[in-house]
Structures are given as structure tokens and as C-alpha cells.
Amino acid sequence: MDVNELARVPGVNPQVPDAARIYDYTLGGTHHFDADRQAAEYMFSLLPSTRKWVRMLRACLQAAAKRLSAEGFTHWVDFASGLPTNDHVHGVLPPDVKVLYSDINPLTMAQARVLLGDDPRVRYLECDIRQAKSFLERPDVRDFLGGERKVALGANGITVFLKAEENRKFFRDLYDWAAPGSRLFTTFETKDPAKTTPQWEQFVGMFQKMGETFELFSLPEYLELCAPWTPGPGGVQPVSRFLGLPEDHITEEDRQGVGIEFYAVILEKK
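In this text the structure is predicted, and so the values were computed from the model without any measurement. (Residues numbered from 1 in each chain as written. Predicted model: local features only at pLDDT ≥ 70, side-chain atom pairs only at ≥ 80, totals over all residues. Heavy atoms only, no water.)

**Student:** Account for the pairing of strand β1 (residues 75-78), with residues named and values stated.
**Tutor:** Of the two faces of β1, the one carrying H75 and V77 and the one carrying W76 and D78 are both buried. When β1 meets strand β2 (residues 98-103), the two strands line up parallel, connected through 3 bridges. By the bridge assignment for β2, V77 is matched with L100. Direction of pairing for β1 relative to strand β4 (residues 152-155): parallel, over a ladder of 3 bridges. Within β4, the position partnered with V77 by the bridge is L153. (Buried < 20%, exposed > 50% of the residue type's maximum accessible area, 1.4 Å probe, protein only. Helix = DSSP H or I, 4+ residues; strand = E, 2+ residues; numbered from the N terminus. Pairing = 2+ DSSP bridges.)

The following block contains the structure:
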């Protein structure tokens with residue numbers, strides 16, 4: 001689908017920036033308009049390494065999906081998915097794997113369904129991650145998954161947009177629903193709590209002005225919020241190590257003066 005087709009999706013206004021399309025632009029995709037690009041470039045002007053970190057997060061998602069598929073998982077349930085472009089989970093998994101995407105934004109879902117067409121192995125449904133258990137127990141979710149609860153789950157880049165108790169409830173909801181042996185891929189963003197810059201404060205302020213939570217926790221705090229999920233083999237790793245990149249792939253400049261670090265982990269329910 002080109003941008004002309006995208007512009008004809010009901011509800012799409014090319015003049016108004018959209019979070020999912022801004023994310024697509026950040027990833028190097030093609031499903032965005034000038035307003036989206038301008039909004040993204042403003043973010044990059046504040047924290048230039050944003051593009052680098054976001055692309056690494058997508059690469060970690062792809063790597064986790066491939067790894068879990070190789071372990072035999074044939075169902076992937078993804079939360080706060082954004083636009084399902086070809087570099088998303090369904091684009092890197094074998095054709096026998098079913099992928100269930102979800103998002104709370106009706107406009108994102110409308111664009112996503114046009115992108116996906118009638119692919120029978122992929123479904124995109126509405127979900128408020130604050131009510132994840134109710135979503136997972138819906139009849140249409142059960143039918144699409146064929147009743148399977150030993151699944152691979154994805155929660156990439158979303159923990160900063162939830163308050164502590166919302167994170168705790170989200171991870172507990174997934175744990176209570178999933179069968180033993182399930183896996184959950186997730187990522188954490190941290191910084192040095194003693195450091196800040198005007199640019200960082202402006203960056204956080206953008207989300208606050210939109211009414212969004214943007215809250216970072218320490219790595220031990222994240223792991224406590226995820227309980228009773230436990231890290232699987234390999235444990236929690238900086239995203240560069242998760243991807244097997246050289247030690248110097250992340251520079252001090254990439255940390256933007258506040259000690260930014262992202263971690264990736266595949267959690268398990270034993």
C-alpha cells in the first residue's frame with residue numbers, strides 16, 4: 001500500500017501527525033506523511049539517538065520472534081503493535097505461525113487492516129493493554145488462537161508508557177492467562193536517575209502534553225514489576241548484546257547525557 005492509498009483510509013488525516021506513522025518513519029518505513037516526518041524530526045532534534053535505539057528495539061523483536069519460532073512456538077500475541085509493516089513479526093516468521101496484533105488506537109487499527117489485507121494467519125484486534133486479561137479471554141481471540149495458551153507474547157517498547165501498577169497488572173494478566181512453558185519478549189528503558197538535560201525534559205514533556213505516561217524504572221524495579229515471570233536463558237541483556245553487536249556499537253553520545261540504556265529479555269512461565 002502506498003501513501004496515496006493510506007490517505008484514503010477512513011479517519012486518516014495526512015495533516016495531523018500519528019504516533020504509529022511517526023514510529024514507521026523512525027524505523028525507515030514508507031507509510032507516513034510530511035506531518036509525521038516533521039514530528040519525528042523534532043524528536044530527533046532533542047534526542048538524536050532515538051532513531052538508532054528504536055531500530056535496535058525492532059531488531060530485537062525480530063530476533064526474539066525468530067528464536068521462539070525455532071523453539072517451536074506457532075502462535076505470537078503482540079501488544080501495542082503499531083503498524084504491521086513487512087519488517088514486523090509476521091514478516092520474519094514462517095508461514096505456519098499465527099500472529100495476533102493489537103492496539104488501542106482505532107486509527108492505527110484501520111490503517112493496519114488495510115496493510116494486512118486478508119492474510120488468514122494474521123489478525124489485528126483492538127486491545128487496551130491495561131485490560132489485557134479481558135482481551136485474551138475474548139471469544140475472537142480464543143478462536144483465532146485455536147484455544148492455544150502456550151504461546152509467545154510480545155511487549156516491545158511499551159513499559160515506559162505505563163505507571164508502575166499498570167505494568168504490574170499487565171504482566172500479571174499475561175502470566176495468569178498463559179500456559180506453563182509460554183514465553184514473553186519485552187524491553188526496558190533506563191537512565192541515570194541523577195542526570196537530566198533540557199533536551200531530555202522537553203522530550204518527556206512531549207508525551208506529557210499528549211496526556212501520556214512516560215516513566216522510567218531501574219532494571220531491578222522492572223524485573224519486580226514483571227513477576228512472577230522469570231528471565232529465561234541468557235537473562236536480561238542490553239539490546240546491543242542481545243543482538244550480538246560490537247561493544248562499541250553504542251557510544252557515549254547515544255546515551256544523550258543521561259545514561260540511556262535499553263534492555264531486552266525473553267521471560268518464561270515455568
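**Student:** I'd like a description of the pattern of salt bridges, backed by residues and values.
**Tutor:** The final tally for this structure, using the stated rule, is 14 salt bridges. Linking D128 and R130 is a salt bridge whose minimum nitrogen-to-oxygen distance equals 3.7 Å. Residue R130 is classed as partly exposed on the basis of its relative accessible area of 29%. Put simply, D173 and K169 hold a salt bridge, and the shortest N to O gap is 2.9 Å. (Salt bridge = Lys/Arg side-chain N within 4 Å of Asp/Glu carboxyl O.)

**Student:** An account of the packing of helix α2 (residues 19-26) against helix α3 (residues 34-46) is requested, with residue identities and associated values reported.
**Tutor:** If you want to describe how two helices pack, look at the angle between their axes and the distance between the axes. Following both chains from N to C, one finds α2 and α3 inclined at 65 degrees, their axes separated by 9 Å at the closest point. As the angle between them shows, α2 and α3 are arranged roughly perpendicular. For the pair α2 and α3, the sense of crossing is right-handed. When α2 is examined against α3, the residues R21, I22, Y25 and T26 are found in contact with a partner set consisting of D36, R37, A39, A40, E41, M43 and F44. A class-by-class count of the residues in the contact of α2 with α3 yields 6 nonpolar, 1 polar and 4 charged. (Axes fitted to C-alpha atoms, helices over the stretch in contact; angles between N-to-C directions. Parallel < 35°, antiparallel > 145°, perpendicular 65-115°, else oblique. Left-handed = near helix turned anticlockwise from the far one by under 90°. Contact = heavy atoms within 4.5 Å. Nonpolar A, V, L, I, M, F, W, Y, C, P; charged D, E, K, R; others polar.)

**Student:** Go over the environment of A39, please, and point to the residues and values.
**Tutor:** Relative to the elements of secondary structure, A39 occurs in helix α3. For A39, a relative accessible area of 23% puts it in the partly exposed group. The sequence separation of A39 and P17 amounts to 22 residues, and the corresponding C-alpha distance is 6.7 Å. The contact partners of A39, leaving out residues within four places of it in the chain, are P17 and I22.

**Student:** Tell me about the packing of aromatic side chains, and name the residues and values.
**Tutor:** Overall, the coordinates contain 17 aromatic pairs when judged by the stated rule. Measuring from ring centre to ring centre gives 5.4 Å for F203 and F207, while their planes differ by 70 degrees; the resulting arrangement is edge-to-face. One end of the pair, F203, and the other, F207, are both in helix α10 (residues 198-209), 4 residues apart, so they sit about a helical turn from each other. Taking the relative accessible area as the measure of exposure, F203 reaches 6% and is therefore buried. Given the relative accessible area of 12%, F207 is considered buried. (Phe/Tyr/Trp six-rings, centres within 6.5 Å; stacked < 30°, edge-to-face > 60°.)

**Student:** Please give an account of the environment of L61 that cites residues and values.
**Tutor:** Note on placement: L61 falls in helix α4 (residues 50-70). Sequence spacing of L61 and V92 is 31 residues, and the spatial spacing of their C-alpha atoms is 9.9 Å. Every residue in contact with L61, bar those within four places of it in the chain, is listed here: W76, D78, H88, V89, N156 and F185.

**Student:** Requested: an account of α3, with residues and values cited.
**Tutor:** Each α-helix winds once per 3.6 residues, and so residues spaced three or four apart point in a common direction. Under the 1.5 Å per step criterion, the end-to-end length of α3 is 19 Å for 13 residues, consistent within 8% with the ideal 18 Å. Where α3 is concerned, the buried positions are A35, D36, A40, M43, F44 and L46. Lining the buried residues of α3 we find α2, α4 and α10. (Expected span 1.5 Å × (residues − 1).)

**Student:** Please set out unusual backbone geometry residue by residue, giving values where relevant.
**Tutor:** P228 follows A227 through a cis peptide bond whose omega is 10 degrees. One can find P228 in the loop between α11 (219-226) and β6 (230-231). Positive phi values are uncommon outside glycine, yet A80 reaches one of about 50 degrees. Its place among the elements puts A80 in the loop between β1 and α5 (89-92). A relative accessible area of 31% places A80 in the partly exposed class. For Q256, which is not a glycine, the phi torsion comes out positive at approximately 55 degrees. When you line up the elements, Q256 lands in the loop between α12 (239-242) and β8 (261-268).

That is the geometry; function is a separate question.
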